[in-house]
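Take a look at the letters that make up each chain.
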Amino acid sequence: MEENRRILVLGASGRIGMAMALHYAGKNAVFGVARFKNPETERTLQAKGVKTIRKDLSEPGPGLLEGIPRDIDVVVNQAVLWKADPPEAWKRVYEVNAFAGPRILQHCLPRVKAHVFGSTGGIYGGGPAPKSEEDEPKAGEGIYHCSKFAGEMCAEIAARLLGVPTAILRYYYPSIATKGVVFAHARYALFDVERPVHKDDTYGYVPTWIDDVVAATAKAVDVAAVPAVTINVAGSEYLTQRQMLERSAKALGKTVRIREREDPRDPYIADISKMKRLLGAPKITYDRMLELVIEAFRTNPPAPPPAGGTEHEGSKR
């Protein structure tokens, strides 16, 4: 059941966090925590009945818990900080991605009955074979992936010490019509901008459309456990950079412009058998994702991408 619960969404201004807050709104009492640097995002949530709480989760002091209700049934932690400004920037990243969540969980005891922690498939490291939840995490791609792995460990410890059933979800390339890898590649094709691909087309993606992300995350509340259960959340289709560009160009009636980079790179591919068993299979195909992005181009034309293929596409998470 997804009704009549009090749900706290951390990171409610982000791609997944906002979608989850809107998913639960109307049938539940939803509280969304974020910095809300974009006032329009906050207004959109408020219009749907979400009670917004402005808070910087990177601040470790006692003010972290001020204004956050204690009588919460479910905590959905989608808080993400990619990088922070000095001083002590790395510590602020860890505060958001690892430490704040368990403190808030404890604050919500004894009522809280389930916790979902949003992580990333990037913690496995790349490789030619799909990664399953039994594979050893590598967490070797810098502060973000290391901090998310630390966040997983903090979520696991919190589950065991506090007795709160927890699900850890490792997302792969969550995509919406205006952000993510599907949008990024279609935009390169739309503007006929040259896009570098890794040597021999070694790098690719398993994009997951936001509808499938929301469905999986909502279902994860029901399968949360102690010890925590860890599940990959990804789409069912792996496409290389070249394949995504070619299919985008074909759909838009454009010509592909590709420059091969000399550095090969291992892809990130998910084994989603556990997801299918516990959360359900993804339903949105890549072709449908591309259709939705192109529809958005017509109603909300995007700005051109930067030359040289330097834009950040949105990562595994």
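For the structure itself, consult the block above.
**Student:** How would you explain the sheet that holds strand S11 (residues 229–233) if you had to name every residue and give the values?
**Tutor:** Within the open sheet, the seven strands sit side by side as S3-S2-S1-S4-S5-S6-S11. Their pairing is parallel. The open sheet has two free edges, formed respectively by strand S3 (51–54) and S11, since each of these has just one partner strand. Going from strand to strand, the sheet's axes swing by 20° on average, the running direction of each strand aside. Across four bridges, strand S1 (residues 6–10) lies against strand S4 (residues 74–77) in parallel orientation. The partner of leucine 8 across the bridge, within S4, is valine 75. With respect to the sheet, helix H3 (residues 89–107) is in contact with S1, S4 and strand S5 (114–120), its orientation differing from that of S1 by roughly 160°. Sitting on the sheet, helix H4 (residues 143–162) is in contact with S5 and strand S6 (166–171), with an inclination near 160° to S5.

**Student:** Lay out the packing of helix H1 (residues 15–24) against helix H2 (residues 39–47) in plain terms, naming residues and giving numbers.
**Tutor:** Direction vectors running N to C along H1 and H2 enclose 20°, while the axes themselves pass 10 Å from each other. Classified by the interaxial angle, the pair formed by H1 and H2 is roughly parallel. Crossing of H1 against H2: the hand is left-handed. Residues Met18, Ala21 and Leu22 of H1 lie in contact with H2, whose contacting residues are Thr41, Thr44 and Leu45. Taken together, the residues that form the contact of H1 with H2 break down as four nonpolar, two polar and no charged.

**Student:** Explain the pattern of salt bridges to me, and be specific about the residues and the numbers.
**Tutor:** The tally for this structure, following the rule as stated, stands at 17 salt bridges. For aspartate 287, the salt bridge goes to arginine 247, with nearest N and O atoms at 2.7 Å. Within this pair, whereas aspartate 287 is found in helix H9 (residues 286–299), its partner arginine 247 is found in helix H7 (residues 241–252), the two being separated by 40 residues in sequence. Its relative accessible area of 42% is what places aspartate 287 among the partly exposed residues. When its relative accessible area of 31% is taken as the criterion, arginine 247 is described as partly exposed. Because the salt bridges share partners, they merge into one network encompassing Asp56, Glu59 and Arg92.

**Student:** Now, about the pairing of S4: what can you tell me, with residues and values included?
**Tutor:** Here is the key point about a regular strand: its side chains alternate between the two faces of the sheet. Here S4 shows two buried faces, one formed by Val74 and Val76 and the other by Val75 and Asn77. Between the parallel elements S4 and S5, the chain passes through H3 in a crossover that is right-handed.

**Student:** Give a detailed account of unusual backbone geometry, specifying residues and quantitative values.
**Tutor:** Following leucine 109, the chain continues into proline 110 via a peptide bond in cis, with omega recorded as 5°. Mapped onto the elements, proline 110 comes out in the loop between H3 and S5. If you check the backbone angles, tyrosine 173 has positive phi at about 50° while not being a glycine. Relative to the helices and strands, tyrosine 173 is located in the loop between S6 and strand S7 (174–175). Taking relative accessible area as the criterion, tyrosine 173 reaches 2% and is therefore assigned buried.

**Student:** For H1, give the residues involved together with the corresponding values.
**Tutor:** The buried fraction of H1 amounts to seven of the 10 residues, a majority that puts the element mostly inside the structure. Turning to H1, its buried residues number three or more, namely Ile16, Gly17, Met18, Ala19, Met20, Ala21 and Tyr24.

How each quantity is defined
- Each chain has its residues counted from 1, running along the sequence as written.
- Residues qualify for local features only when their pLDDT is at least 70, as the model is predicted, and side-chain atom pairs are given and counted only at 80 or more; totals for whole chains, interfaces and linings, by contrast, use all residues.
- Based on all heavy atoms of the structure, the side-chain values leave hydrogens and waters out of the count.
- Pairs of strands are assigned from DSSP output, requiring at least two bridges between the strands.
- Helix numbers and strand numbers start at the N terminus; a helix is a DSSP run of H or I with at least 4 residues, a strand a run of E with at least 2.
- To obtain an axis, a line is fitted to C-alpha atoms, over the contacting stretch when the element is a helix, and the angle between two such axes runs from 0 to 180 degrees between their N-to-C directions.
- A contact between two residues is defined here by any heavy atoms of the two lying within 4.5 Å.
- Orientation is classified from the angle alone, with under 35 degrees giving roughly parallel, over 145 giving roughly antiparallel, 65 to 115 giving roughly perpendicular, and any other angle giving oblique.
- Left-handed describes a crossing whose near helix is turned anticlockwise from the far helix through less than a right angle; right-handed describes the clockwise counterpart.
- Think of it as three bins: nonpolar holds Ala, Val, Leu, Ile, Met, Phe, Trp, Tyr, Cys and Pro, charged holds Asp, Glu, Lys and Arg, and polar takes everything else, Gly as well.
- A carboxyl oxygen of Asp or Glu within 4 Å of a side-chain nitrogen of Lys or Arg is what we treat as a salt bridge.
- To sort residues, take the accessible area from a 1.4 Å probe on protein chains only and compare it with the maximum for the residue type: under 20% means buried, over 50% means exposed, and anything in between is partly exposed.
- By the criterion used throughout, a crossover qualifies as right-handed when its path from the first strand across the helix to the second strand runs clockwise, the strands pointing away from the viewer.

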